[in-house]
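# What the coordinates show
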Amino acid sequence: MFDPNRHYPLKNLKWELELVQQAIQDIADDAINQINRSRKLPRHPMDNYGVCSDLYFGMTGVIWALTYLQLKQVIDADLDFAALLEEQLSANEKEQKAMPHPDNASYLFGDLPILMLQFKSSRDGRIADKVFQSIEKNNSQPVRELMWGIAGSMLSANFLHKWTLEDRWKEMFRLQAEKMLNDWERIDDIGYLWSPDLYGAKRKYLGPVHGFAGNIIPLIEGKELLGDKRYDDICSKVIETICNTATCNERHANWVAVFEESDRTKIPELVQHCHGAPGIVTALSKLPRGIDTRFDEILEKGGELTWHAGPLKKGANLCHGTAGNGYAFLKLYRRTENELWLERARAFAMNAIDQYRLSKEIYHQGRYTLWTGDLGTAIYLWDCINGEANFPTIDVF
């Protein structure tokens, strides 16, 4: 049900609060010092891309993480974030032209998160207007998914509605929700899936970054804007689909990265946040508990598989690393109130720290990014200390 060659055996490392706190500080200090030295961040040898302006593996994600940790009074970051954000906005305008879907408002790669950070710190109505104009682009674009498409812009609209309570954000959210739900395809004996137009192909991804689970995230986060009847109908369809696309045995559950109607017996290989059980659990854990026993059991089976598989060789990061998988345990802890899941999250946290330290020793530098590097790990460690489950830029912004 998974490829063991992608994982390490879990080390038996005792939870040590002071060590965890020190790791968070070390990660933040490393990024701050690097920015102060050159205002740029170097490419990590494990990555085949440089650090650009975006939220996913760019400087905006670094800024988001440092401001978030500072707001939580975890660190003191003596940086001119306003100036840094202006630099990212200018760089992103140029980078956007070479992106796979340049006409979309991208939540993870576009100007949306940069403008959101600017508005959050300034509350400048002119910046809010720019956020609105960016979100509006997706009204005339294909639905796609959370990284490039409407699911991401819906998340933005929902955050802006919470921050401002202005009706225009609610109306935009509902308009884009209707557009996305109109693209939902009924598949016999399976449920409802999307076939996003992505990178020149249409494939039925299931995960929280490119697929089904990611499109559901803003519907969950913005459920108050949808109304109870609409939301209950969505929940019913999601539960049906997740149960019918799962590969299960008595103890474990996993999901393929891409559902193929012509091969419904395909065995899953990946156990990551972006593809596989951890991301499904993390994205959908806020759905109502107790209305479908099979669904409740399948989410926990997904958690069991994540534990059984162990830490990931790709690193300690969020998207395809140990910290991202650990969020499934934090989500299950919040969902079930079972302390076992918090203990497992903390076990993964200690292993993530071990991976971070080893990587620094081997490569003599940090992996600075939010979704694919050390700063996402730092926020996971903070949530493990507090027993929270706030996946960065998804549950909180």
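Please refer to the structure placed before this passage.
Thresholds, definitions, all that
Residues numbered from 1 in each chain as written. Predicted model: local features only at pLDDT ≥ 70, side-chain atom pairs only at ≥ 80, totals over all residues. Heavy atoms only, no water. Helix = DSSP H or I, 4+ residues; strand = E, 2+ residues; numbered from the N terminus. Rg over C-alpha atoms; globule rule 2.2 N^0.38 Å. Buried < 20%, exposed > 50% of the residue type's maximum accessible area, 1.4 Å probe, protein only. Contact = heavy atoms within 4.5 Å. Areas by Shrake-Rupley, 256 points an atom, 1.4 Å probe, with all protein chains shown as cover. Lys, Arg positive; Asp, Glu negative; His and termini not counted. Charge placed at Lys NZ, Arg CZ, Asp CG, Glu CD. Patch = residues over 30% accessible without salt bridge, like charges linked within 9 Å, V, L, I, M, F, W, Y side chains within 5 Å. Salt bridge = Lys/Arg side-chain N within 4 Å of Asp/Glu carboxyl O. Axes fitted to C-alpha atoms, helices over the stretch in contact; angles between N-to-C directions. Parallel < 35°, antiparallel > 145°, perpendicular 65-115°, else oblique. Left-handed = near helix turned anticlockwise from the far one by under 90°. Phe/Tyr/Trp six-rings, centres within 6.5 Å; stacked < 30°, edge-to-face > 60°. Lys NZ or Arg CZ within 6 Å of the ring centre and 35° of its normal. Polar contact = N/O pair within 3.5 Å; in protein donor to acceptor, adjacent residues only side chain to side chain.

### Describing the overall build of the protein chain
Of regular secondary structure, the protein chain possesses 15 helices and 8 strands. For the protein chain, the C-alpha radius of gyration of 20 Å lies close to 21 Å, the compact-globule estimate for 397 residues. The principal-axis extents of the C-alpha atoms in the protein chain amount to approximately 55 × 50 × 35 Å. The proportion of buried residues among the 397 residues of the protein chain is 60%. Of all intrachain contacts in the protein chain linking residues separated by at least 6 positions in sequence, the fraction that spans at least 24 positions is 70%. Taken as a whole, the protein chain presents about 16300 Å² of accessible surface, with 45% of it coming from carbon and sulfur. Side-chain charges of the protein chain comprise 46 positive and 55 negative groups, with the mean position of each set lying 2 Å from the other.

### So, the environment of H364
For H364, the position within the fold is in the loop between α14 (339–363) and α15 (374–386). Residue classification places H364 among the exposed positions, given a relative accessible area of 67%.

### Observations regarding a nonpolar patch on the surface
On the surface, M46, L358, I362 and Y363 cluster together to form a nonpolar patch covering roughly 350 Å² of accessible area. By the secondary structure assignment, L358 is in helix α14.

### Section: unusual backbone geometry
The backbone phi angle of L165 is positive, close to 65°, even though this residue is not glycine. You can see L165 is positioned in the loop between α6 (150–164) and α7 (167–182). The exposure class of L165 is exposed, given its relative accessible area of 66%. Although it is not a glycine, H364 adopts a positive phi angle of roughly 60°.

### Some thoughts on the packing of helix α11 (residues 277–284) against helix α12 (residues 293–309)
For the pair α11 and α12, the least separation of the axes is 8 Å and the interaxial angle reads 135°. Overall, the two elements α11 and α12 adopt an arrangement that is oblique. As for the relative orientation of α11 and α12, their crossing is left-handed in sense. From α11, A277, P278, V281 and L284 reach across to α12, where they touch F295, L299, G302, G303, L305 and T306.

### Quick look at the packing of aromatic side chains
The relation between two aromatic rings is expressed through the spacing of the ring centres and the mutual angle of the planes. On inspection of all chains with the given rule, the structure shows 26 aromatic pairs. Where W148 meets Y199, the ring centres are 6.5 Å apart and the plane angle is 90°; that geometry is what we call edge-to-face. Pair noted here: W148 is in the loop between α5 (125–136) and α6 and Y199 is in the loop between β3 (197–198) and β4 (201–202), with a separation of 51 residues, a long-range link. By relative accessible area, which is 3% here, W148 ends up buried. A relative accessible area of 43% means that Y199 is categorised as partly exposed. Here a set of aromatic residues connected by ring pairs shows up, and it is made of Y49, Y56, F57, F109, W148, Y199, Y327, W371, Y380 and F391. Above the face of the W341 ring, R344 is positioned so that its terminal group lies 5.1 Å from the ring centre.

### A look at the side chain of Q365
Tracing the chain through its elements places Q365 in the loop between α14 and α15. Engagement of the side chain of Q365 in a polar contact is seen with the backbone oxygen of R43, the distance being 3.3 Å.

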